Every structure is written in C-alpha cells, then in structure tokens.
Amino acid sequence: MSIFSNNIRFLRARRKLSQQNVADELVISRVRYSKYENGISEPPIELLVKIAKYFHVSIDLMLSVDLEKHPMDEMLKLPDNRIVLPVAVDTHGNDTIEIIPQKASMGYLEGYSDIDYIESLQRIALPFLTNGKYRAFPADGDSMPPFRNGSYIVGKYVEGINELKQGKTYVFVTLNDGITYKRFKERKENAISVSADNSFYEPYDIPFEEVVEIWQYASGIFPEDFEPGDYESYNFKEMFRELRQDIRDLDKKVSGRRRKQS
C-alpha cells in the first residue's frame, strides 16, 4: 500500500469514522473509497484535493509523510505542511492582512487552504506589524473583553503547538468551534487547555486533532469605543455564577442533614 492509502486509513480511524461515512462526505461509493485505502487505485486530482480538505491535511503531507509515525500535535509545525497557509500580497509583493468577514467566519474552515478564497478577502496593511504572517479574525460574544461583536483580533501565525506561551491569548481555528479567541493555560497529553478572561465561562480543553490553525494576538481593531460601563454585564454574570454555586452548596448541606435524620 502507498503512503497515501495508509494516511487516509489512519486519519479516518483517528476520527472514528466508517468508510461509508467518508464516502458519503466525498459523494462517492464506499467500494470506490475502499480501493483508495487498500492501494488498489488512486483518486483523480480533483478528488485528492477534496480528500485533503476533508481531513484538513495538505496534499504534500498526504502523499509524502507517514502521518502515523508523527504525533498529531507535531503536525502543525512540519515544514511540508505550510502549504495549508496561502497568503495574499499587494502589487508590490508585500504581505497584507486578510480580514475574515463577521457574517462568514464559519466559511473560513472551508476556505482557509484555498488560495482563491484567501485572495477574495478584504485586506489591510498595518506597517507596525512585521516579521510574520498576520490575519484579522472577528470577535464573537463577551468571553474576552474588551473584544466584542464588531471588533477584530489581529493574530500572528503560529507554526506549532509547542510555540504556545502560557498566559498569552490566541485565535484558535478548530474543527468543532470554528474561530475562537482564548487564553492558553497549559498543554496536556492530548489537548491544550484554554480559558476566557470573562470568569463566567469555564476553562475547557481542545484536542490536538481538532486544531486547524493558531494565531497569537498581535493587535486589535475596534470600530466603536469600548466604554468602561460595558463591564457591568460581566459583573452581573459573575454574580449569578456565584449565586448558582451558593445554591448548589446549600442544597448539598440540606441533603446531607436529611440523610443523617433518616
């Protein structure tokens, strides 16, 4: 069997999918897909591109690197995988900052490796941001003040999970949550732990295999002034969170007394 056939078998098994699941997503028969996994035949280029996008792995990696021998958490920093980050430049050949639209942020998961999609995005230039690749992502919700709906987080591309720094904030592009902006807490065996600055939200883990891209916070774009009074809503949420915990503690005490009495 070829490296490609081994890789798609490995990637499918890692995501706990059946051959029929993958075949349905690719709009082909299970028998045809099974021939690719068994090395009996090879897909045409159009389907190869589709398979690479489906598994969120570059074609270079698919065809030349045995993914089973490389930990999934190391994949982001493999030099051969940089093809998944197409960039747009201006008429002078200088890097520009692509802006991911607010209303189409989920579409980034489909287009992040597509140069046509990247070139279709609006772009800006910030001369004080140099020595790296930058992209602007829309803020969503109230978990990371002062960013709120309508503002943007400009992030610098991070090549590997090992480069994450504890306490720093990052834009994580993930398979399940799409674009999310959080603070990095720690690295675990198979996941990274992140948290929101708004304490109303609980910390959570992101499995390595769900990470598509990581961008370290570099700057912010605020279409409207952020007023100090905006923090009031966060304080109310914190108050309700503490009240909810007090109710739970009280319920445990009452339940414990009832057991003793019975």
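Provided above is the structure to which this section pertains.
Computed from a predicted model, the values in this text were never measured in an experiment.

(A) View of the overall build of the protein. Of regular secondary structure, the protein possesses 8 helices and 9 strands. Counting across all 262 residues of the protein, residues that qualify as buried make up 40%. Within the structure as shown, the protein displays about 15,000 Å² of accessible surface, and the carbon and sulfur contribution to it stands at 50%.

(B) Examining the packing of helix α2 (residues 19–26) against helix α3 (residues 30–37) more closely. Two elements in contact, α2 and α3, have axes separated by 9 Å at closest approach and are oriented at 110°. In terms of axis orientation, α2 runs roughly perpendicular to α3. Facing Gln19, Gln20, Val22, Ala23 and Leu26 of α2, the residues of α3 in contact are Arg30, Tyr33, Ser34 and Glu37.

(C) Region of interest: helix α1 (residues 3–14). When the terminal C-alpha atoms of α1 are compared, their 16 Å separation across 12 residues agrees well with the 16 Å that a helix rising 1.5 Å per residue should span. Looking at α1, one finds that the buried residues are Phe4, Ser5, Asn7, Ile8, Phe10, Leu11 and Arg12.

(D) Expanded view of helix α4 (residues 45–55). Residues of α4 that are buried include every one of Leu47, Leu48, Ile51, Ala52, Tyr54 and Phe55, and no others. Angular distribution of buried residues about the axis of α4 spans 160°; they occupy a single face of the element. Turned more than 90 degrees from where α4 packs its buried face, Ile45 and Glu46 sit exposed. Turning to α4, the residues buried within the fold contact α1, α2, α3 and α5 (59–64). In the segment just after α4, histidine 56 is the residue with positive phi, at about 55°.

(E) Fine view of the environment of asparagine 149. Inspection of the secondary structure puts asparagine 149 in the loop between β3 (134–138) and β4 (152–158). Distance from asparagine 149 to phenylalanine 222, taken between C-alpha atoms, is 9.5 Å for residues 73 residues apart in sequence. Asparagine 149 has contacts with Ala139, Asp140 and Gly141, leaving out every residue within four places of it along the chain. A polar side-chain atom of asparagine 149 sits 2.9 Å from the main-chain amide nitrogen of glycine 141.

(F) Seen up close, the pairing of β4. Within β4, 6 of the 7 residues are buried, which leaves the element mostly enclosed by the surrounding structure. Bridge count between β3 and β4: 5 bridges; the pairing is antiparallel. Following the sheet pairing, arginine 135 is matched in β4 by glycine 155.

(G) Representation of the packing of aromatic side chains. In total, this model carries 10 aromatic pairs according to the counting rule given. Both rings, one in phenylalanine 147 and one in phenylalanine 222, keep their centres 5.0 Å apart while their planes meet at 20°; by these two values the pair is stacked. Of this pair, phenylalanine 147 sits in the loop between β3 and β4 while phenylalanine 222 sits in the loop between β9 (211–221) and α8 (231–261), placing them 75 residues apart in sequence. We classify phenylalanine 147 as buried; its relative accessible area is 5%. Considering the side-chain rings of tyrosine 181 and tyrosine 217, the 6.3 Å spacing of their centres and the 45° angle between planes classify their relative orientation as tilted. In this pair, tyrosine 181 sits in strand β6 (residues 178–187) while tyrosine 217 sits in strand β9, placing the two residues 36 residues apart along the sequence. The exposure class assigned to tyrosine 217 is partly exposed, which follows from its relative accessible area of 36%. One aromatic cluster in this structure is built from Tyr108, Phe137, Tyr157 and Trp215. Over the ring of tyrosine 54 we find arginine 15; its NZ or CZ atom is 4.9 Å from the centre of that ring.

(H) Region of the structure containing the pattern of salt bridges. Scanning the entire structure with this criterion turns up 7 salt bridges. Its salt-bridge partner being glutamate 37, residue arginine 9 comes within 4.0 Å of it at the nearest N-O pair. Taken together, the residues span a long stretch of sequence, with arginine 9 in helix α1 and glutamate 37 in helix α3 at a distance of 28 residues. As a salt-bridge pair, lysine 133 and glutamate 98 come within 3.0 Å of each other at their nearest N and O atoms. In this pair, lysine 133 sits in the loop between β2 (122–124) and β3 while glutamate 98 sits in strand β1 (residues 97–99), placing the two residues 35 residues apart along the sequence. As far as the burial class goes, lysine 133 and glutamate 98 line up, both buried. Among the charged side chains, a network of salt bridges with common partners joins Arg9, Arg12 and Glu37.

Criteria and cut-off values
Residues numbered from 1 in each chain as written. Predicted model: local features only at pLDDT ≥ 70, side-chain atom pairs only at ≥ 80, totals over all residues. Heavy atoms only, no water. Helix = DSSP H or I, 4+ residues; strand = E, 2+ residues; numbered from the N terminus. Buried < 20%, exposed > 50% of the residue type's maximum accessible area, 1.4 Å probe, protein only. Areas by Shrake-Rupley, 256 points an atom, 1.4 Å probe, with all protein chains shown as cover. Axes fitted to C-alpha atoms, helices over the stretch in contact; angles between N-to-C directions. Parallel < 35°, antiparallel > 145°, perpendicular 65-115°, else oblique. Contact = heavy atoms within 4.5 Å. Expected span 1.5 Å × (residues − 1). Arc of directions from axis to C-beta. Polar contact = N/O pair within 3.5 Å; in protein donor to acceptor, adjacent residues only side chain to side chain. Pairing = 2+ DSSP bridges. Phe/Tyr/Trp six-rings, centres within 6.5 Å; stacked < 30°, edge-to-face > 60°. Lys NZ or Arg CZ within 6 Å of the ring centre and 35° of its normal. Salt bridge = Lys/Arg side-chain N within 4 Å of Asp/Glu carboxyl O.

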